[in-house]
Amino acid sequence: MTGDEEATGTVRSLVTAPEGGAPPELRETVAIRPGGVEGDRYRRGDGHFQLDGCAVTLVAAEALDAVRAETGIDVSDGRHRRNVVVEGFGAAMDDLLEATVAVGGARLRPTRRRPPCAHVESLAGEAGLASALRNRGGLCCDVVEPGRVAVGDPVDVAQPDPRAAGAAIADRLRERPADGSHPEENG
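Rules used throughout
Residues numbered from 1 in each chain as written. Predicted model: local features only at pLDDT ≥ 70, side-chain atom pairs only at ≥ 80, totals over all residues. Heavy atoms only, no water. Helix = DSSP H or I, 4+ residues; strand = E, 2+ residues; numbered from the N terminus. Contact = heavy atoms within 4.5 Å. Areas by Shrake-Rupley, 256 points an atom, 1.4 Å probe, with all protein chains shown as cover. Salt bridge = Lys/Arg side-chain N within 4 Å of Asp/Glu carboxyl O. Buried < 20%, exposed > 50% of the residue type's maximum accessible area, 1.4 Å probe, protein only. Core = buried A, V, L, I, M, F, W, Y, C linked by side-chain atoms within 4.5 Å. pLDDT = per-residue confidence, 0-100. Disulfide = S-S within 2.5 Å.

Examining the overall build of the protein
Each helix and strand in the protein was counted, giving 5 helices and 11 strands. For the protein, restricting intrachain contacts to residue pairs at least 6 apart in sequence, the fraction spanning at least 24 positions comes to 74%. Per element, the accessible surface of the protein, about 9,400 Å² overall, is 47% carbon and sulfur.

Structure below.
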C-alpha cells in the first residue's frame, strides 16, 4: 500500500473476554481505553499470555472466512479470541503494520503479527485452529487515541506506515526524467 491509496474497511464484530480462559463475548460496541478494550482480560491484566499481551488485537474477517472454507471451523462466535474483526484489508492485513488506523472513534497502531497458539485451539475446542490461522492470526495494536467502536464502524488508514510512505516518495522521484522535469510537463 502506498501513501496514495485509500484503504478502507468495516468492523464486522467485537469480542472481549472478562478474564483469562473465560468464554468470549460478542459486543455491539466497546470502549477502547489506554491499555486496551474496556472489560477485556488483557486490559485488566488477566490474559493468559500477559507477558506479550496486546492492548488491542485485530483479525481479518477474510482470514476467518478462509479458515471456515478450508477447514469447516467456524469461529465467528469469537473463539478466535481477537478483539476487533475487520473486513476489507485482506486475510493477513500486513499493509496495516506500523500505520495509524482509525477504527470507529479510536486510533490504533498495529505493531506486530499476533500468531495463534495451542491455547486458543484448546479454548475454542477446535483441533487444527492454530495451524489454520497461521500467518493470518491477526495483529497486535497499541492505542494511539482512545474511543468508542461499534459493529459496522468504518476502518481507515489515517496515516500510512511512515517507512512505506517514504518508499513511495522515493519510487516517484526515481521515475523522474534525468533532466529533472516532471513527466506531466513533457506531455
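A closer look at the pattern of salt bridges
Counted under the stated rule, the structure contains 12 salt bridges. Measuring nitrogen to oxygen at the nearest pair gives 3.2 Å for the salt bridge that ties Glu38 to Arg43. Here Arg41 ties to Asp40 by a salt bridge, and the two come within 2.9 Å at their closest N and O atoms. Residue Arg41 shares its accessibility class with Asp40, and that shared class is buried.

Topic: the environment of Ala91
Tracing the backbone shows Ala91 in the loop between strand 6 (84-87) and strand 7 (100-103). Note: C-alpha distance between Ala91 and Gly137 (46 residues apart in sequence) is 8.9 Å. Filtering out sequence-adjacent residues up to four positions away, Ala91 remains in contact with Ala60, Glu62, Ala63 and Arg136.

Focus on the nonpolar core
By size, the foremost hydrophobic cluster in this structure holds 25 residues, and its most contacted members are Ile32, Val56, Val84, Met93, Val103 and Val149. Looking at this core, the elements that each hand over two or more residues are strand 1 (8-16), strand 3 (29-33), strand 5 (56-60), strand 6, strand 7, strand 8 (106-113), strand 9 (139-145) and strand 11 (154-159). Here the element with the most residues in this core is strand 5; it accounts for 3 residues. Grouped together as the second largest cluster of nonpolar side chains are 11 residues, Ala61, Leu64, Val85 and Ala124 included.

What to know about the confidence of the model for the protein
Per-residue pLDDT for the protein has a mean of 83; in total, 80% of the residues score no lower than 70. Put simply, helix 5 (residues 162-174) is where the protein has its lowest mean pLDDT, 66, and strand 10 (residues 147-150) is where it has its highest, 98. Within the model, the stretch residues 1-5 combines pLDDT values under 50 with 9 contacts to residues more than four positions away or in other chains.

What to know about the state of the cysteines
Applying the stated criterion across every chain yields a total of 1 disulfide. Here Cys54 connects covalently by a disulfide to Cys140, the sulfurs 1.8 Å from one another. A residue pair is termed long-range when its members are at least 10 positions apart, and Cys54 in the loop between helix 1 (41-44) and strand 5 and Cys140 in strand 9 qualify at 86 residues. The exposure classification of Cys54 matches that of Cys140, with both residues buried. Cys141 takes part in no disulfide bond, and the closest cysteine sulfur, belonging to Cys140, lies 7.3 Å away. Residue Cys141 is classed as buried on the basis of its relative accessible area, which comes to 1%.

Points about unusual backbone geometry
For Met93, which is not glycine, the phi dihedral falls at a positive 65°. By the secondary structure assignment, Met93 is in the loop between strand 6 and strand 7. Look at Asn135: it is not a glycine, yet its phi comes out positive at around 65°.

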